[in-house]
Amino acid sequence: MEKYIKDQAKKNTPDLIDYIKSSVEYQAFVQERQTQRSAKPLVGRLRLATAGAFALVLLLMFFITPNLQQPVYSEVYIEFNPSFTFKLNDRDEVYDITPLNADAETLIANLDDLTNKHIDEALDALLGEAIAQGFIDGDTTTILYDIVGEAGELKERHTALVEQRLETIRNEKLPSVALMAAMGGMPTENERSIVEEHDIGVMHARLIGIILNENPDLEIEDLIGKTLPELRAYLTDNENQQPDYENRPRHPFDDDDFPGRGGPFS
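The paragraphs below set out a description of the structure included in this document. (Residues numbered from 1 in each chain as written. Predicted model: local features only at pLDDT ≥ 70, side-chain atom pairs only at ≥ 80, totals over all residues. Heavy atoms only, no water.)

## Regarding the pairing of strand β5 (residues 178-181)
Neither face of β5 is left uncovered, since the one carrying A178 and M180 and the one carrying L179 and A181 both have all their residues buried. With 4 bridges connecting them, strand β4 (residues 142-148) and β5 associate as parallel partners. Each residue of the ladder has a partner; that of T142, found in β5, is A178. (Buried < 20%, exposed > 50% of the residue type's maximum accessible area, 1.4 Å probe, protein only. Helix = DSSP H or I, 4+ residues; strand = E, 2+ residues; numbered from the N terminus. Pairing = 2+ DSSP bridges.)

This is the structure in C-alpha cells:
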C-alpha cells in the first residue's frame, strides 16, 4: 500500500524543476547567459588586438622618437677665468650649462637655473652675477668666447647672437672690457693639467699653446704673466684684429689635433 501511494504521488505531482525551466524568467536568464558567453571571446580578441596595436606603436616610437627628440644645438664657450659651456638649441635657448673650472662652479652656485632661458637672458644673468661677485674687473678683464657646432646655419646664427649680446652688455655695463674670439671645446687631460697648474682658463691656455707652437724660442713661463690682449698681439698684425683660428690646432698641447679631425666637439 505504501508503495502504491508513493507511485501515485509521483504521477500526480508536477516536476518543480521542469516547471522552473519552462518559465519565462528562466528562459530570459538562459538567453542572457548565452549572449554573455558568446561575447567574451570577441571581447578577448578585441582586447588582444588592441594590446598588440599599442605594443607596435610603442615599438615604433622607441625607434623613431630618439631621432625626433635629439636636440640640434651649438656649444657656446665663455671664459673670463670662470669657464663655461652653454648648449643652445634651435630655439636659441639654453639646453644645458656646464662649469669647466672651480671658479665657474662658485659663480653658478648663486645663479637661478638658466636652462630654457634665451641666450640673451642667460648671458645677462651670468655676467651680471660675475660683476657682482668680482670675477669681472672692467679695467683688466678680457672675455673669451667661441661657438662650435655641426649645423652651419645654426652656428652662424648663434655666433651672431652671442657676439651682439656681449657687445651690448659691454657697452651698457663694461665699456673697458675686451672681447676676444678664442678656441672653444672640452679640455683634454694635458690641458686640464696646465689649467690647474697655472690657474688659467682653458681657452687662455690654448692661446698660449698656439703661440708656443708658432714661436719655438718661447717658453710657457714667458707667456703666463701676459694679459690676453698682449697674447693676442702674437697672433695678429693689428691688436684690434681677431686671431685666425681656422688652420690652427684646437688642442695645441696635444700632437696632431686640428679642428675638423674628430668633429667640432672633440
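## Quick word on the pairing of strand β3 (residues 94-99)
Where strand β2 (residues 83-89) lies against β3, 5 bridges are found, and the strand directions are antiparallel. Its bridge partner lying in β3, L88 is registered against V94. Taken together, β2 and the strand that follows it, β3, pair antiparallel across an intervening segment of 4 residues, in which D92 is found at a positive phi of about 65 degrees.

## Structural notes on helix α5 (residues 119-132)
Its 14 residues give α5 an end-to-end C-alpha distance of 20 Å, which sits within 8% of 20 Å, the value for a rise of 1.5 Å per residue. Turning to α5, its buried residues number three or more, namely I119, A122, L123, L126, L127 and A130. Along the long axis of α5, the arc covered by the buried residues comes to 110 degrees, so they all point the same way. Against the buried residues of α5 lie β1 (73-79), β2, β3, α4 (102-108), β4 and α6 (152-173). Just downstream of α5 lies G134, where phi reads positive at about 80 degrees. (Expected span 1.5 Å × (residues − 1). Arc of directions from axis to C-beta. Contact = heavy atoms within 4.5 Å.)

## Points about the nonpolar core
Counting residues in each nonpolar core, the largest one holds 55 residues, and the members touching the most others are I78, F80 and F86. The element that contributes the greatest number of residues to this core is helix α8 (residues 202-214), accounting for 8 residues. Those residues in contact with F80 that lie beyond four places of it in its chain are L107, L127, A130, F135, I136, T141, T142 and I143. (Core = buried A, V, L, I, M, F, W, Y, C linked by side-chain atoms within 4.5 Å.)

## Things to note about α6
Along its 22 residues, α6 runs 31 Å from first to last C-alpha, staying within 8% of the 32 Å computed at 1.5 Å per residue. All buried positions along α6 are accounted for by L154, H158, L161, V162, L166 and I169. Relative to the axis of α6, the buried residues are bounded by an arc of 125 degrees and lie together on one face. In α6, those exposed residues whose orientation departs by more than 90 degrees from the buried face are E153, E156, Q164 and N171. Tucked into the core, α6 has its buried residues touching β1, β2, α5, β4 and β5.

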